[in-house]
Amino acid sequence: MITISLCMIVKNEAAVLERILKPMSAIADQIVIVDTGSADETKEIARRYTDDVYEMDWRDDFSAARNLACSYARMDYWMWLDADDVIDEENAARLLDLKHSLPPSADVVMMRYLTGFDQDGNCTFSYYRERLLKTSRGFCWKGRVHEAVTPSGNILYSPIEIRHQKLGPGDPDRNLRIYETMLREGEALSPRELFYYGRELYFHKHFSEAAAVFSLFLEDPDGWRENKIDACLLLSRCHEQLGRRETAMADLTKSFVYSCPRGEVCCALGELMLGAGRLAEAVYWYEQALSSIPDETTGAFVQKDCYRFLPLIQLCVCWDRMGDKKKAFYYHRLARALKPQDPSVKANEAYFSGLKAEDSASAGASAESMFEDQTSRL
């Protein structure tokens, strides 16, 4: 059986820290906490679970803090978690089983990170992260913000899921501030840092600046493929916000250089076509999204709704605008089977209920056999 050092960095996490330390205390053989300047009871809570509590002055460098925490790891593997992460009972049991079954040849274990959720708590955004790493390999974190460890060696993918569940918004300007400080100090951004700098600009609605950064990133031959696909998506959204719809469409097609069309890209193309009134083309791209299969083992950011629910709800809209109520109702029922409480589904339900009784009955009768066949495959 392997042993695990849980390595965490924290600051003012009294509201959530025990939520993750309590289940992990039954799994980890060592818990290391590096506090970067808490003014609440974070350190006191941490000391209920471990004597390995250290302090570090914060200097806008997440990798420095994480590497310090990992330097105290004494077990076979170290594992990182954030204070606002959650591991439920089922996944805690999986992690405990992993301790007993992991072959010593494993260098890195990847686990799914769930970071986006709908109103019912279902995951809508996830990706794999390096989560458990062999201590003797000397892995280290890189990047002052959006820090990461580059996996290498024998990499295993686990079904274990970690939920990122924040209670508050945090500091929305922190990451952008760090990148701007780096640039002011003359520090050259790596391709990965350039990509994430563009993301921060985009989320702050600095669309022209973000577009310039994404374009620069896409020209760099050393950029990671998955980041480049995502950069095409975000560049497209920048140009859409700037009123350049055709350029936005072209941005999305650039992603095909790196991989087969992803559901996220197909839905974005469908949205642009729908907005331009090009309904038949919108239908084509939403159908392509339905036929796409996400592969989370690539490390991609996966928006699950882009592979089922979103194209279904949008195909309902497309066919309705094209005057085919039967097909529109058919796709509505498929979407409703997935998310009956979604506000868009409820709005469409009210819309179809308001149709003339004979039209609604006809639509339902003709869609019924198609609906039963399709739902069996969802």
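Note that this is a predicted model, so its numbers are computed, not measured.

Right, let's get into the UniProt feature "domain: Glycosyltransferase 2-like" (unreviewed entry) in the protein. The positions that UniProt labels "domain: Glycosyltransferase 2-like" (unreviewed entry) are, in the present scheme, residues 5-142. Taken end to end, residues 5-142 is 27% helix and 31% strand, and its two terminal C-alpha atoms sit 20 Å from one another.

A few words now on the pairing of strand E6 (residues 108-117). Burial of E6 is extensive: eight of the ten residues sit out of reach of the surface. When E6 meets strand E7 (residues 123-134), the two strands line up antiparallel, connected through nine bridges. Residue pairing for E7: Val-108 is matched across the bridge by Leu-133. In this antiparallel pair of consecutive strands, E6 and E7, the connection spans five residues, and Gly-121 shows a positive phi of 85 degrees. Two strands pair when backbone bridges link them, and E6 and strand E8 (residues 155-164) are joined in this way by six bridges, in the parallel orientation. Among the inter-strand pairings, Tyr-113 is bridged to a residue of E8, identified as Ile-162.

Bringing the layout of surface pockets into the picture now. Computed from the structure, the second largest pocket encloses a volume of approximately 230 Å³. Considering the residues around the second largest pocket, the lining is formed by 16 residues, among which Arg-237, Cys-267, Ala-268, Glu-271 and Leu-310 are closest to the centre. Top contributing element to the lining of the second largest pocket by residue count: helix H10 (residues 263-275), with five residues. Grouping the constituent residues of the lining of the second largest pocket by class yields eight nonpolar, three polar and five charged.

On to empty space enclosed by the protein. Evaluation of the coordinates by the stated rule reveals two cavities of 30 Å³ or more. Within this model, the largest cavity holds a volume of roughly 80 Å³. What lines the largest cavity is simply Glu-226, Ile-229, Asp-230, Leu-233, Arg-262, Glu-264, Val-265, Ala-300 and Phe-301. Of all the secondary structure elements, the ones that give two or more residues to the lining of the largest cavity are helix H8 (225-241) and H10. Residue contributions to the lining of the largest cavity peak at four residues, all from H8. Split into classes, the residues belonging to the lining of the largest cavity amount to five nonpolar, no polar and four charged. In this structure, the second largest cavity occupies an estimated 30 Å³ of space. Looking at the second largest cavity, the residues that line it are Cys-7, Met-8, Ile-9, Arg-66, Ala-69, Cys-70, Trp-80 and Trp-141. Secondary structure elements with two or more residues in the lining of the second largest cavity: strand E1 (4-10) and helix H3 (62-71).

The next point concerns the environment of Lys-327. With respect to the element layout, Lys-327 can be found in helix H13 (residues 325-338). Overall, the relative accessible area of 34% leaves Lys-327 in the partly exposed class. Residues Lys-327 and Val-265 lie 62 residues apart in sequence; the distance between their C-alpha atoms is 24 Å.

Moving on: the packing of helix H9 (residues 245-253) against H10. The interhelical angle for the contact between H9 and H10, taken along N-to-C directions, is 160 degrees, at an axis separation of 10 Å. Taken together, the axes of H9 and H10 are roughly antiparallel relative to one another. Where H9 crosses over H10, the two elements pack in a sense that is left-handed. Across from Arg-245, Ala-248, Met-249 and Leu-252 in H9, the residues of H10 making contact are Val-265, Ala-268, Leu-269, Leu-272, Met-273 and Gly-275.

For H13, spanning 14 residues, the distance from its first C-alpha to its last is 20 Å, which sits close to the expected 20 Å at 1.5 Å a residue. Turning to H13, its buried residues number three or more, namely Ala-328, Phe-329, Tyr-330, Tyr-331, His-332, Arg-333, Leu-334 and Ala-335. At the N-terminal boundary of H13, the capping side chain belongs to Asp-324, with an oxygen 3.3 Å from the backbone nitrogen of Lys-326.

So, about the nonpolar core. In this structure, Trp-78, Leu-95 and Leu-132 are the most contacted members of the largest nonpolar core, which totals 79 residues. In terms of residue count, the dominant contributor to this core is helix H7 (residues 207-219) (seven residues). Beyond its immediate stretch of four places on either side in the chain, Leu-132 contacts Ile-2, Ile-4, Tyr-77, Trp-78, Met-79, Leu-98, Leu-102, Asp-107, Val-108, Val-109 and Met-111. Counting residues in hydrophobic clusters, the runner-up holds 38 residues, among them Tyr-307, Phe-309, Leu-315 and Val-345.

This part is about unusual backbone geometry. We note that Asn-12 has phi near 55 degrees; this positive angle belongs to a residue other than glycine. When you line up the elements, Asn-12 lands in the loop between E1 and helix H1 (17-24). Judged by its relative accessible area of 37%, Asn-12 is partly exposed. Not every positive phi belongs to a glycine, and His-146 is a case in point at roughly 50 degrees. One can find His-146 in the loop between E7 and E8.

Below, the discussion takes up the packing of aromatic side chains. Inspection of every chain in the model, using the stated rule, returns 21 aromatic pairs. Geometrically, the ring pair formed by Trp-58 and Phe-62 is edge-to-face, given 4.7 Å between the ring centres and 70 degrees between the ring planes. Under the relative-accessibility criterion, Trp-58 is labelled partly exposed at 28%. Assessed through its relative accessible area of 12%, Phe-62 is described here as buried. The structure contains a cluster of three or more aromatic residues connected by ring pairs, namely Trp-78, Trp-80, Tyr-113, Phe-125, Tyr-127, Trp-141 and Phe-301. Looking at Arg-131, its charged tip hangs above the ring of Trp-80, at a distance of 3.8 Å from the centre. Against the face of Trp-319 rests Lys-327, its NZ or CZ located 4.2 Å from the ring centre.

What counts, and where the lines are drawn
Residues numbered from 1 in each chain as written. Predicted model: local features only at pLDDT ≥ 70, side-chain atom pairs only at ≥ 80, totals over all residues. Heavy atoms only, no water. UniProt positions renumbered as here; feature names shortened; annotations may be inferred. Helix = DSSP H or I, 4+ residues; strand = E, 2+ residues; numbered from the N terminus. Buried < 20%, exposed > 50% of the residue type's maximum accessible area, 1.4 Å probe, protein only. Pairing = 2+ DSSP bridges. 1 Å grid on protein atoms, 1.4 Å probe; cavity = no way out; pocket = protein on both sides within 12 Å on 5 of 7 lines; lining within 4 Å. Points joined across faces, edges and corners; volume = space filled by probe spheres on them. Nonpolar A, V, L, I, M, F, W, Y, C, P; charged D, E, K, R; others polar. Axes fitted to C-alpha atoms, helices over the stretch in contact; angles between N-to-C directions. Parallel < 35°, antiparallel > 145°, perpendicular 65-115°, else oblique. Left-handed = near helix turned anticlockwise from the far one by under 90°. Contact = heavy atoms within 4.5 Å. Expected span 1.5 Å × (residues − 1). Polar contact = N/O pair within 3.5 Å; in protein donor to acceptor, adjacent residues only side chain to side chain. Core = buried A, V, L, I, M, F, W, Y, C linked by side-chain atoms within 4.5 Å. Phe/Tyr/Trp six-rings, centres within 6.5 Å; stacked < 30°, edge-to-face > 60°. Lys NZ or Arg CZ within 6 Å of the ring centre and 35° of its normal.

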